[in-house]
Amino acid sequence: MMERDTIAAIATGFIPSGIGIIRISGPQAIEIADGLLEGADLSNAPSHTIHYGMIRSNGELIDEVLVALMRSSRSYTTEDTVEIDCHGSPLAMQKVLEAVCQSGARLAEPGEFTKRAFLNGRIDLTEAESVMDLIQAKTEYARKSSLQILRGSMKEKISTLRKTLLNRSAYIEAALDDPEHYDLSGFPELLRTDVLTVQDEIDRILETAENGRLLSEGIRTVILGKPNVGKSSLLNRLLGEERAIVTDIAGTTRDTLEEQVMLDGILLKIIDTAGIQNTEDPVEKIGVEKAFDCIPDADLVLFVVDASRPLSPEDQQISSLLKDKTVLILLNKSDLSAEVTKETLEKEISLTGLPIVSISSKTGDGFDQLKTTISDVFFHGNISFNDELVVTNVRQKESLRKTKESLSRVLESIDAGMPEDFYSVDLIDAYAELGRIIGEKVEEDLINEIFAEFCMGK
Ligand SMILES: Nc1nc2c(ncn2[C@@H]2O[C@H](COP(=O)(O)OP(=O)(O)OP(=O)(O)O)[C@@H](O)[C@H]2O)c(=O)[nH]1
Ligand SMILES: [Mg+2]
């Protein structure tokens, strides 16, 4: 373990609350806390003990506290660590932190405690990144998948794959060095099987990645339709509040409006848009253009049609914009007598085979069906919170893709009958790229960039 300085930060939120925690880590942590604490002696206290006392600095009484002591290496950072539980007043926390820094600690950078846990070898990079993902998890799914990775599932998987690759490249090296004792005949075929197995494993991880993104970050959903079909009413019904203005005047919504809705564990980031029609009104025109602009990035389009009125050319026009998108057609106003049915819709609109759900944004009819259809469309109805390893981290996904590319080159070389030393380079590249995922030989700049995204005090 490298010798480092002593760092300190407020680890809890900076708002009035029951308690606030000042965390100190490093060689001087215990000495600094001991110097400020009256009523307890930390110097010879055993690890993992809690001490009651008063913090006094420059003669001034600052707060009544509990101090948790964790000695190296049984702490989050593996260094001597002290956590001072003071009253959760921002002023008290600030004062305690100032006193700690005046006694010799340095203010920690965001994520520096976790960075130390990583640099000191207690956790790998995937576990470190999952700490941040866990703190920022917006959905139950995101929380569970980041906890999985925090508990080492990714590290284990990557280490197993790397072991195979290392073993094979070591054999090639040995055989090239000492051809008398190591035989390479038949080796390329064996290697081929191993490389395909590793590629399959990587494919499986990458397949879960897209669902992982949708479940942890939310499905980008756009509500589209001509004016007055009930788009804003739909948003309000999903939100359970009168968020968007609803009137019977066509062209009520002028600007896009984004909200987040949780439907049975699925997070939707929904955008309500202006009704699409040809208009000369300059404000409405901008609104319509903004609605168009939302289409490319959308994971899901809720195309709303007014079922109580005959279809019109605008409905056709909108449907023509939605080729290649994931679309759910909603026949709204099912409480009124129907002019449009699923059958007429399929006949008249050029989008075929799409799921169609009848709803009433006025009464709430059909909304259960709407929820199950969204779950079916994206997750085939089974969103399982099982033990599956899900990668949502972009950096990790990118490294997995690069690993696959290197392995494809190995396969090409084997198939082209190239000599072993030729493709052992690609094999080692794949091994190194997998190493980057867990943080082995990762450049200092990248490490700094990763940890800079963390919160203060973590
Ligand atoms: N009967 C009935 N009326 C509805 C329903 N949904 C919406 N409406 C009515 O239809 C009218 C238009 O609703 P909005 O939600 O403002 O429609 P919109 O699509 O957002 O309209 P623009 O913003 O103008 O594009 C309002 O009078 C709503 O009360 C429904 O399911 N049933
Ligand atoms: Mg509207």
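Conventions and cut-offs
- Residues numbered from 1 in each chain as written.
- Chains lettered and ligands numbered in written order.
- Predicted model: local features only at pLDDT ≥ 70, side-chain atom pairs only at ≥ 80, totals over all residues.
- Pairing = 2+ DSSP bridges.
- Helix = DSSP H or I, 4+ residues; strand = E, 2+ residues; numbered from the N terminus.
- Axes fitted to C-alpha atoms, helices over the stretch in contact; angles between N-to-C directions.
- Domains from an automatic or database assignment.
- Near = placed C-beta within 6 Å.
- Nonpolar A, V, L, I, M, F, W, Y, C, P; charged D, E, K, R; others polar.
- Buried ≥ 20, exposed ≤ 12 C-beta atoms within 10 Å, placed from the backbone.
- Contact = placed C-beta atoms within 7 Å.
- Arc of directions from axis to C-beta.

Remarks on the sheet that holds strand 9 (residues 257-263)
The six strands lie next to each other as 9-10-8-11-12-13, forming an open sheet whose pairing is mixed. Of all the strands in the sheet, just strand 9 and strand 13 (356-358) have a single pairing partner and so form its edges. Within this sheet the neighbouring strands show an average axis-to-axis angle of 25°, counted without direction. For strand 12 (residues 327-332) and strand 13, the ladder comprises three bridges, and the chain directions are parallel. Bridge pairing links Leu-330 to Val-357 in strand 13.

A closer look at the pairing of strand 2 (residues 17-25)
As defined by bridge partners, strand 1 (residues 7-10) adjoins strand 2 across four bridges and the pair is classed as antiparallel. Its bridge partner lying in strand 2, Ala-9 is registered against Arg-23. Hairpin geometry of strand 1 and strand 2 is characterised by an intervening segment of six residues between the two adjacent antiparallel strands. As paired elements, strand 2 and strand 6 (residues 81-88) share eight bridges and run antiparallel to each other. Counterpart to Ser-25 in the pairing with strand 6 is Thr-81.

Let's talk about the domain arrangement of the protein chain
Interface size, as often reported, equals the accessible area lost upon joining of the parts. Here the protein chain is partitioned into domain 1 (7-123), domain 2 (130-213 + 393-438) and domain 3 (219-379). The C-alpha centroid of domain 3 is placed 53 Å from the C-alpha centroid of domain 1.

Thoughts on the site of ligand 1
The environment of ligand 1 is formed by 24 residues, the closest being Gly-230, Ser-232, Ser-233, Thr-253 and Gly-275. No other element matches the three residues that helix 8 (residues 231-239) contributes to the shell around ligand 1. Considering only residue class, the shell around ligand 1 consists of six nonpolar, 13 polar and five charged.

Quick word on the pairing of strand 10 (residues 266-272)
Counted residue by residue, strand 10 has five buried out of seven residues, so it is predominantly covered. Bridge analysis of strand 8 (residues 219-224) against strand 10 gives five bridges, and the strand direction is parallel. Residue pairing across strands places Ile-219 opposite Leu-268, the latter belonging to strand 10. Inspection of the sheet shows strand 9 paired to strand 10 by seven bridges, in the antiparallel sense.

Description of the environment of Ala-108
Positionally, Ala-108 belongs in the loop between strand 7 (106-107) and helix 3 (112-119). C-beta crowding within 10 Å serves as the criterion here: with 23 such atoms nearby, Ala-108 is assigned to the buried category. Sequence separation between Ala-108 and Ile-24 is 84 residues; the distance between their C-alpha atoms is 8.9 Å. When residues no more than four places from it in sequence are discounted, the contact partners of Ala-108 are Ile-7, Ala-8, Ala-9 and Phe-113.

So, unusual backbone geometry
Cis geometry is found at the peptide bond from Ser-72 to Ser-73, where omega equals 5°. Positioned with a positive phi, Asn-228 is a non-glycine residue whose angle comes to about 70°. Structurally, Asn-228 can be placed in the loop between strand 8 and helix 8. By C-beta crowding, Asn-228 is classed as buried, having 21 other C-beta atoms within 10 Å.

Observations regarding helix 5 (residues 140-150)
Buried within helix 5 are the following residues: Tyr-141, Ala-142, Ser-145, Ser-146 and Ile-149. Down the axis of helix 5, the sector holding all buried residues measures 120°, keeping them to one side. Residues of helix 5 that are buried sit in contact with helix 4 (125-136), helix 6 (153-177) and helix 7 (187-217). Positive backbone phi, approximately 100°, marks Gly-152, located one or two places after helix 5.

Structural notes on the sheet that holds strand 3 (residues 37-38)
The sheet built from seven strands is open, its strands ordered 3-4-5-6-2-1-7 with mixed pairing. Strands at the two margins of the open sheet, each flanked by one partner only, are strand 3 and strand 7. The pairing of strand 5 (residues 60-70) with strand 6 spans five bridges and is antiparallel. Looking across to strand 6, one finds that Met-70 is bridged to Thr-81. Across the face of the sheet, helix 2 (residues 90-102) comes into contact with strand 1, strand 2, strand 4 (49-57), strand 5, strand 6 and strand 7 while running at roughly 15° to strand 2.

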